[in-house]
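Observations on chain architecture
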Amino acid sequence: MPDKKKSNKKFIVVTGGVLSGLGKGVAAASIGNLITNAGLKVVPIKCDGYLNVDPGTMNPTEHGEVFVLDDGGEVDMDFGHYERFLGVTCKFGWSVTMGKVYEQIRVKERRGDYLGKTVQLIPHVTDLIKQIFYDIANQEDADVVIIEIGGTIGDIENELFVEACRQLKRDIGEDKVMYAHLTYIPIPSNVHEQKSKPTQQSVALLRERGIEPNIVIGRCSEYLDEKIKDKISTFCDIEKKAVITGLDVDSVYKIPIIFSEEGINEIIKEKLGINSGVKPEWKQLVGNLAKLDKEVNIAICGKYTKLEDSYASIVEAMRHCSANLKAKIHIKMIDTEKVKNQEDASNLLKGINGVIVPGGFGSRGVEGKIQVIQYCRENNMPFLGICLGLQLATVEFARNVCGLKNANHAEMAPDTKEPVIDILPEQKKITDKGGTMRLGAYPAVMKEKTIIWELYGKQKQVSERHRHRYEVNPEYHKGLLDNGMIFSGMSPDGKLVEFIELPKQKHKYFVGTQAHPELKSKLEKPGPLFYGLIKACIEK
Ligand code: GLN
């Protein structure tokens, strides 16, 4: 089938070797960033070998944050890097998991698409994978498609993606496909020397699979020296100038600049005939990170505190604020399971200037979060509640301001008599767990003259992304409003509370949203509620 409908677009395939966690997503996004800056349309595709349809059903401590797209797709956190680096709005279809691929193969087989044939991994599955690539490239009218293959070269579960990408060059022509391979260059403490062997072996694995990399990016704690570039060039049969440093950095936004300085633009030009480069505004914002003249301490009070990746987009949103407000932001992760009362909250929040209670599921740590929120409200501590954070701020307010001692969240206490937070009506009948929440972009109509309305630039309506099953129970709206809570943004039908705040006279910054504004925060345009939080911390 792919022979009928190929593509004349250009493709860049990004693979990784040696170790996982080297920042393949950031490397792919950085290459995309440089090409986007030349005015070309870049579309990212991420291939993941797991058999889940999407990561929506995985624990964030297992696979990092679940990123949500405008169209409601739940995808790998690498899509966060793509959107932040490319300025594109990604689509669920650009996330190609083996779960999705096999689902389609099954449907096609039952329909009779392969009638008379034995359905095999090669060519049927690889053809389908290529067809997905070509369809995306053509439908989006992309100039360049960047395909990132998850995992590490040699992983069994990604072999079919690797094979499909190998076939690309034969299908559409060598001049249209470029392969970039990210590896690891260790500097063992006993020799103090950059070592190339893992890279040699990883490139050998790639070549065994019929792929000759055009670029090798060596992740290292130092710039790669001439000697190691020579060595990799010789042993991996690649031009020396195509060996690029993937330097360890404190901010991922530096990576496009480093790739550029290392000469990647020239290689891309030679191989694919397209321009690329760094945008001056980007360089300036990254430059700001070296001139931070204020310090802010932010506590993220959640339960997935072991893996910072669980809150990846919130951490990125903090970096965006950092560059734009020239403030060094220290993040402290607080495990709210340890917070039993106001004294604990006060002790744990010593030296903290502002608090974020992020999204979450399940009852673990919830009462501790409510204690933290009470502490923030009563002590004028800048506070931002995100999704579950808004819901728990509402429970706290109902209990301690409205006097509803038994107010609770129906997810945590299904039999509660006072379900201030209740399940969305349309969610009641749903039993399947995958892809069934209230997902994706929804508009909210803003209340004029509120803090949030001002932060969003006084727009009548704003759009943010959602991922939840529960909401502020409409039966309690009046009571909350009568006691002084402000609903700063509602769904257009007036039923769902999307943004809340407390009056400026009462509290300098007490704000919550049912959405996940971290998902749309960008270096060039930080999420307004994060910006407002950090500004409130600085202004004190
Ligand atoms: N568990 C809550 C709900 O489903 C909050 C979800 C979230 O924070 N993303 O509504």
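Look up: the structure comes first, before these words.
Note that the coordinates shown come from a computational prediction; the quantities given were computed from them, not determined experimentally. (Residues numbered from 1 in each chain as written. Predicted model: local features only at pLDDT ≥ 70, side-chain atom pairs only at ≥ 80, totals over all residues. Heavy atoms only, no water.)

Turning to helix H3 (residues 78-86), a few remarks are in order. Burial runs high along H3: 9 of the 9 residues are buried. Buried within H3 are the following residues: Asp78, Phe79, Gly80, His81, Tyr82, Glu83, Arg84, Phe85 and Leu86. Gly87 sits one or two residues past H3 and shows a positive phi near 65 degrees. (Buried < 20%, exposed > 50% of the residue type's maximum accessible area, 1.4 Å probe, protein only. Helix = DSSP H or I, 4+ residues; strand = E, 2+ residues; numbered from the N terminus.)

The strand order E14-E15-E18 describes an open sheet built from 3 strands, whose pairing is mixed. Each edge of the open sheet is held by one strand with a lone partner, namely strand E14 (407-409) and strand E18 (470-472). The mean angle between the axes of side-by-side strands here comes to 35 degrees, regardless of whether they run parallel or antiparallel. Inspection of the sheet shows strand E15 (residues 418-423) paired to E18 by 3 bridges, in the antiparallel sense. (Pairing = 2+ DSSP bridges. Axes fitted to C-alpha atoms, helices over the stretch in contact; angles between N-to-C directions.)

Once that is clear, we can look at a nonpolar patch on the surface. A surface patch of nonpolar side chains, about 380 Å² in accessible area, is lined by Leu51, Tyr102, Leu121 and Ile122. The topology assignment puts Ile122 in helix H5 (residues 121-140). Take Ile122: its relative accessible area is 47%, and that puts it in the partly exposed class. (Patch = residues over 30% accessible without salt bridge, like charges linked within 9 Å, V, L, I, M, F, W, Y side chains within 5 Å. Areas by Shrake-Rupley, 256 points an atom, 1.4 Å probe, with all protein chains shown as cover. Salt bridge = Lys/Arg side-chain N within 4 Å of Asp/Glu carboxyl O.)

As a further point, take the layout of surface pockets. Of the voids in this model, the largest pocket is the one considered here, and its volume is about 1,100 Å³. When residues of the lining of the largest pocket are traced back to their parent elements, those giving at least two are helix H1 (24-36), strand E2 (42-48), helix H2 (60-63), H3, strand E8 (215-220), strand E9 (243-247), helix H9 (255-261) and helix H12 (312-325). The class makeup of the residues in the lining of the largest pocket is 16 nonpolar, 16 polar and 16 charged. (1 Å grid on protein atoms, 1.4 Å probe; cavity = no way out; pocket = protein on both sides within 12 Å on 5 of 7 lines; lining within 4 Å. Points joined across faces, edges and corners; volume = space filled by probe spheres on them. Nonpolar A, V, L, I, M, F, W, Y, C, P; charged D, E, K, R; others polar.)

Below, the discussion takes up the side chain of Glu262. With respect to the helices and strands, Glu262 occurs in the loop between H9 and helix H10 (264-272). Glu262 has contacts with Tyr223, Lys229, Lys241, Val243, Ile244 and Thr245, leaving out every residue within four places of it along the chain. (Contact = heavy atoms within 4.5 Å.)

Glancing now at unusual backbone geometry. A cis geometry characterises the amide bond from Ile122 onward to Pro123, with omega recorded as 15 degrees. Mapping Pro123 onto the fold places it in helix H5. The phi dihedral of Asp141 falls on the positive side, at around 50 degrees, and the residue is not glycine. Despite not being glycine, Lys458 shows a phi value in the positive range, around 55 degrees. The topology assignment puts Lys458 in the loop between helix H16 (451-455) and strand E17 (461-468).

Once that is clear, we can look at empty space enclosed by the protein. Left-over empty space is what a probe sized like a water molecule reveals as it rolls over the atoms. With the rule as written, the count across this model stands at 1 cavity of 30 Å³ or more. Only strand E1 (10-16) and helix H6 (159-172) provide two or more residues apiece to the lining of the largest cavity. The class makeup of the residues in the lining of the largest cavity is 3 nonpolar, 7 polar and 2 charged.

With that out of the way, let us pick up the packing of helix H14 (residues 366-378) against helix H15 (residues 388-400). Contact pair H14 / H15: the axes reach a minimum separation of 9 Å and the direction vectors enclose 70 degrees. The orientation of H14 relative to H15 falls into the category roughly perpendicular. In terms of crossing hand, the pair formed by H14 and H15 is right-handed. When H14 is examined against H15, the residues Val366, Glu367, Lys369, Ile370, Ile373, Gln374 and Arg377 are found in contact with a partner set consisting of Leu388, Gly389, Leu392, Ala393, Val395, Glu396, Phe397, Arg399 and Asn400. (Parallel < 35°, antiparallel > 145°, perpendicular 65-115°, else oblique. Left-handed = near helix turned anticlockwise from the far one by under 90°.)

Here 9 strands make up an open sheet; going across it, the order is E11-E10-E12-E13-E21-E20-E19-E16-E17 and the pairing mixed. With partners counted over all chains shown, the strands left at the sheet margins are strand E11 (327-335) and E17, one partner each. Each neighbouring strand pair of the sheet contributes to a mean axis angle of 25 degrees, computed without reference to strand direction. Relative to E17, strand E16 (residues 438-446) is paired through 8 bridges, and the arrangement is antiparallel. Looking at E17, one finds that Ala444 is bridged to Val462. Contacts from H15 reach strand E12 (354-357), strand E13 (383-386), E17, strand E20 (497-501) and strand E21 (510-513), with the element oriented near 115 degrees to E13. Together, strand E10 (294-302), E11, E12, E13, E20 and E21 form the strand contacts of helix H18 (residues 528-539), whose direction differs from that of E10 by roughly 125 degrees.

On to the environment of Ile486, then. Positionally, Ile486 belongs in strand E19 (residues 486-490). Each C-alpha atom, one on Ile486 and one on Arg469, is 22 Å from the other, the two residues being 17 residues apart in sequence. Once you skip the residues sitting within four places of it in the chain, Ile486 turns out to touch Lys447, Thr450, Phe499, Ile500, Glu501, Leu502 and Pro503.

Purely geometric numbers; function is a separate question.
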